[in-house]
Amino acid sequence: MKMMFCAEEEKEPVVKKILDKDSGGELTESLLDAVIALNPSLTRLDDAAFAAGCRVVVRADHATAVKGKGKVSLISGGGSGHEPAHAGFVGEGALTAAVCGDVFASPSAKAVLAAIVATASPEGGCLLIVKNYTGDRLNFGIAAATATSRYGIPVETVYVADDVALSNAESPRGLAGTLAVHKVAGAAAAAGAPLADVAAAARATASAVKTMGVAYEVCTLPGRPASGRLGPGEIELGLGIHGEPGAEKSPTLAASDVADKLAEACVNALPAGDDVALIINDLGATTPMELAVFGAAAKQAVERRGKTVKRILSGGLMTALDMHGVSLSVLAVDAKTLERLDAPCWTPAMRTGDWQPTAPPAPLVAPDASVIDDVAPAAVDGDLVDARLANALRAATRAIVDGEESLTAMDEKVGDGDCGITLAQGAKAAVSLLDRAGGAPRGACAFLAALSKAVEDSMGGSSGALYNLGLKAAEKSMRDAVKAHAGDWSDADADAAWKRAFVAFAGAISACGGARVGSRTMCDALLPAADVFEKAGTLDAAAAAAQNGAASTAKLVATHGRSAYVSADVQDGVADPGAHAVGLMFAAVAGAAL
């Protein structure tokens, strides 16, 4: 009898790491516990007082040093795995708080909101410094809108997009140049500058810093085997800090040749000026010897291109787990920027000047008003009660539920196939909200707030986050209209208020997601309709603009959204599902008896 033996499939070995946990939320919790244990100047928000699992590291003295003095609170964050960023840059002269997601994953909007409410005052306000990744833009954007509309805290947001590796990228990534923004904005905030000035300094720095990296080995996620993407004689130029594929692979180069390539790309993208500062960044597993040799070569390469290097910051600053590689950031500087780079700063990862805490950190106590909950605010005095809202919403949601299958079929061709399902879930949640309200919302502001919450709970993915963000902006617009309005609402007053609210809705989605007309997203339908409303046009005209914009996407190549990862020939002839959904809703509302 012939015997057969089935060998068990050989598995690649997991890369060994010095960790107690190897994945998920437990790994992030272990990391934060370690950061706080080693740095007594830091603490974290109390989960009981704020949002459960919020994972926010704060200055232990923030209540007295920032919020209590009415100074601007600076908040940044993102996925874990980039240590010492982001928690390592929390302290005097830099960040007030860092919001930490799981490894390479954006933190939640609720966690960012908890950080804002805990550390910022209505007098000082808050600056969010956000690396240009979709998840971060969405969740920080939702939190900013909520903080302003619900808690009266003014919030400015600065997006850092310093990557120059992908020259044709519509939306460059945020890399180690973000640390320069932390330092400059932190110095301005510590000096007591108002929010507008701190935001202006941060935006100017974000525009003036350019970064490119190189890897000799890409990173390995905890609990996973090595990727094997690079062969023994290969390096990769221009990859991201999550190990995303870069601009090109190359045979292994000497440090001076790599430095020359990175310096060329960064300097060519800089604004005019001769003086610069450099960030020489170890991406995780580069030895001090290698970093020193590369750093010296990078300085020489920048100087050969006519720049005078005024300052250098070097070390493992914004890493990518165990990536064996480096990045070079070049920042154009003037006298004021240099002054802020040199200003006192006291954080675990960056210390300049001779600042010391003036008093022991006080225990973290969350004031009652800062508790984050899910309760929508009540209607405000004089709130608009407009029965047409219910009719319009029912018409729009019916169009989405009826069109679910066609939207899903479109998304299966040019996206990930969940558009119809996701939007239908949101539509059904909106109808349920109307039914619970007896079909007649008590007030437009409170209803919009409740609607954004229903969308947040029912819709996943980018669509859910974007609609949630837009509805929060519409709510704020309506509240502003109520405050400015006196007396009864005429039909003309109501129409004007709703049009402004829609303009705010569309503008918030465009600003946060980065998409515009021509990007092949829902903005191709939203923004033309908003333009009609801004010019006091009619609902019928706006509906036509939305439908025309949606139809135009069938001939566009995506620069944003899921379709941006699909080949152009696959997109050709198929309208963007998100834009098509907007067109369907507008057509339904325009045809309803309002």
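Residues numbered from 1 in each chain as written. Predicted model: local features only at pLDDT ≥ 70, side-chain atom pairs only at ≥ 80, totals over all residues. Heavy atoms only, no water.

- As recorded in an unreviewed UniProt entry, the protein chain goes by the name Glycerone kinase, listed as coming from Aureococcus anophagefferens.

1. Description of the overall build of the protein chain
Move 1: Helix and strand content of the protein chain: 19 helices and 14 strands.
Move 2: Looking at the protein chain as a whole, 51% of its 594 residues qualify as buried.
Move 3: Considering only intrachain contacts with a sequence separation of at least 6, the fraction spanning at least 24 residues in the protein chain is 74%.
Move 4: In the structure as shown, the protein chain presents an accessible area of about 25,200 Å², 55% of it carried by carbon and sulfur atoms. (Helix = DSSP H or I, 4+ residues; strand = E, 2+ residues; numbered from the N terminus. Buried < 20%, exposed > 50% of the residue type's maximum accessible area, 1.4 Å probe, protein only. Contact = heavy atoms within 4.5 Å. Areas by Shrake-Rupley, 256 points an atom, 1.4 Å probe, with all protein chains shown as cover.)

2. Section: the environment of Ser 30
Move 1: Mapping Ser 30 onto the fold places it in helix H1 (residues 24-38).
Move 2: Along the backbone, Ser 30 and Asp 20 are 10 residues apart, and their C-alpha atoms lie at a distance of 7.5 Å.

3. Quick word on helix H10 (residues 388-402)
Move 1: Its 15 residues give H10 an end-to-end C-alpha distance of 21 Å, which sits within 8% of 21 Å, the value for a rise of 1.5 Å per residue.
Move 2: For H10, every residue scored as buried is listed here: Leu 389, Ala 390, Ala 392, Leu 393, Ala 395, Ala 396, Thr 397, Ala 399 and Ile 400. (Expected span 1.5 Å × (residues − 1).)

4. A look at the packing of helix H5 (residues 178-190) against helix H9 (residues 335-342)
Move 1: Relative to each other, H5 and H9 sit at 85°, their axes nearing to 8 Å. Classified by the angle their axes make, H5 and H9 are roughly perpendicular. Residues Lys 183, Val 184, Ala 187 and Ala 188 of H5 form the contact with H9, whose own contacting residues are Thr 337, Arg 340, Leu 341 and Asp 342. (Axes fitted to C-alpha atoms, helices over the stretch in contact; angles between N-to-C directions. Parallel < 35°, antiparallel > 145°, perpendicular 65-115°, else oblique.)

5. What to know about the pairing of strand S5 (residues 126-131)
Move 1: The buried fraction of S5 amounts to 6 of the 6 residues, a majority that puts the element mostly inside the structure.
Move 2: Here S5 shows two buried faces, one formed by Cys 126, Leu 128 and Val 130 and the other by Leu 127, Ile 129 and Lys 131.
Move 3: Following the backbone out of S5, through helix H4 (residues 134-151) and into the adjacent parallel strand S6 (residues 155-160), one traces a crossover that is right-handed. (Right-handed = clockwise from strand over helix to strand, strands pointing away.)

6. Focus on the packing of helix H16 (residues 523-534) against helix H17 (residues 539-552)
Angle between the axes and distance between the axes are the two parameters that describe a pair of packed helices.
Move 1: Across the interface, H16 lies against H17 with an axial gap of 7 Å and an inter-helix angle of 155°. By the angle between their axes, H16 is roughly antiparallel relative to H17. With respect to the hand of their crossing, H16 and H17 are arranged in right-handed fashion. On H17, the residues that touch Asp 524, Ala 525, Pro 528, Ala 529, Val 532 and Phe 533 of H16 are Leu 539, Ala 541, Ala 542, Ala 545, Ala 546, Gly 549 and Ala 550.
Move 2: Classifying every residue of the contact of H16 with H17 by side-chain character gives 11 nonpolar, 1 polar and 1 charged. (Left-handed = near helix turned anticlockwise from the far one by under 90°. Nonpolar A, V, L, I, M, F, W, Y, C, P; charged D, E, K, R; others polar.)

7. What to know about the packing of aromatic side chains
Move 1: Tallied over the entire structure, the rule returns 5 aromatic pairs.
Move 2: In this structure, Arg 137 packs its charged tip against the face of Tyr 159, placed 3.8 Å from the ring centre.
Move 3: Across from the ring centre of Trp 346, 4.3 Å away, lies the NZ or CZ of Arg 351, which sits over that ring. (Phe/Tyr/Trp six-rings, centres within 6.5 Å; stacked < 30°, edge-to-face > 60°. Lys NZ or Arg CZ within 6 Å of the ring centre and 35° of its normal.)

8. Some thoughts on the nonpolar core
Move 1: Ranked by internal contacts, the top residues of the largest apolar core, which has 83 residues, are Leu 74, Leu 127, Val 198, Phe 294, Val 302 and Leu 328.
Move 2: Contact partners of Phe 294, with chain neighbours within four places excluded, come to Ala 255, Val 258, Ala 259, Leu 262, Ile 280, Val 326, Ser 327 and Leu 328. (Core = buried A, V, L, I, M, F, W, Y, C linked by side-chain atoms within 4.5 Å.)

9. Observations concerning the sheet that holds strand S11 (residues 308-315)
Move 1: Sheet architecture is open: 6 strands sit in the order S9-S8-S7-S12-S10-S11, paired in mixed fashion. Either end of the sheet is taken by a strand with one partner, and the two such strands are strand S9 (248-251) and S11. Going from strand to strand, the sheet's axes swing by 20° on average, the running direction of each strand aside.
Move 2: In terms of strand pairing, strand S10 (residues 275-282) meets S11 through 7 bridges, oriented parallel. Residue pairing in the sheet places Ile 279 in a bridge with Leu 313 of S11.
Move 3: Packed onto the sheet, helix H7 (residues 255-268) meets strand S7 (209-217), strand S8 (234-237) and strand S12 (324-332) and runs at close to 150° relative to S7. (Pairing = 2+ DSSP bridges.)

10. Digging into the pattern of salt bridges
Move 1: Evaluation of the coordinates by the stated rule reveals 22 salt bridges.
Move 2: Sharing partners across several salt bridges, the network here consists of Glu 29, Arg 44, Arg 55 and Asp 102. (Salt bridge = Lys/Arg side-chain N within 4 Å of Asp/Glu carboxyl O.)

11. Quick word on helix H8 (residues 288-304)
Move 1: With 17 residues, H8 extends 24 Å between its outermost C-alpha atoms, agreeing within 8% with the 24 Å of an ideal straight helix rising 1.5 Å per residue.
Move 2: Among the structural elements, H7, S10, S11 and S12 are those in contact with the buried residues of H8.

12. Topic: the sheet that holds strand S2 (residues 56-59)
Move 1: Within the open sheet, the 6 strands sit side by side as S1-S2-S4-S3-S5-S6. Their pairing is mixed. Two strands bound the open sheet, and with one partner strand each, they are strand S1 (42-44) and S6. Sheet twist, expressed as the mean angle between neighbouring strand axes with direction ignored, is 25°.
Move 2: Here S2 runs beside strand S4 (residues 97-103); their pairing, made up of 3 bridges, is antiparallel. Within S4, the position partnered with Val 58 by the bridge is Ala 97.
Move 3: Lying over the sheet, H4 contacts strand S3 (73-80), S5 and S6, oriented at roughly 170° with respect to S5.

13. Section: the environment of Pro 528
Move 1: Structurally, Pro 528 can be placed in helix H16.
Move 2: The exposure class assigned to Pro 528 is partly exposed, which follows from its relative accessible area of 21%.
Move 3: Apart from the residues lying within four places of it in its own chain, the contact partners of Pro 528 are Val 517, Cys 523 and Ala 545.

14. Concerning the pairing of S10
Move 1: Most of S10 is tucked away: 7 of the 8 residues are buried.
Move 2: Pairing between S10 and S12: 7 bridges, direction antiparallel. Bridge pairing links Ile 280 to Leu 328 in S12.

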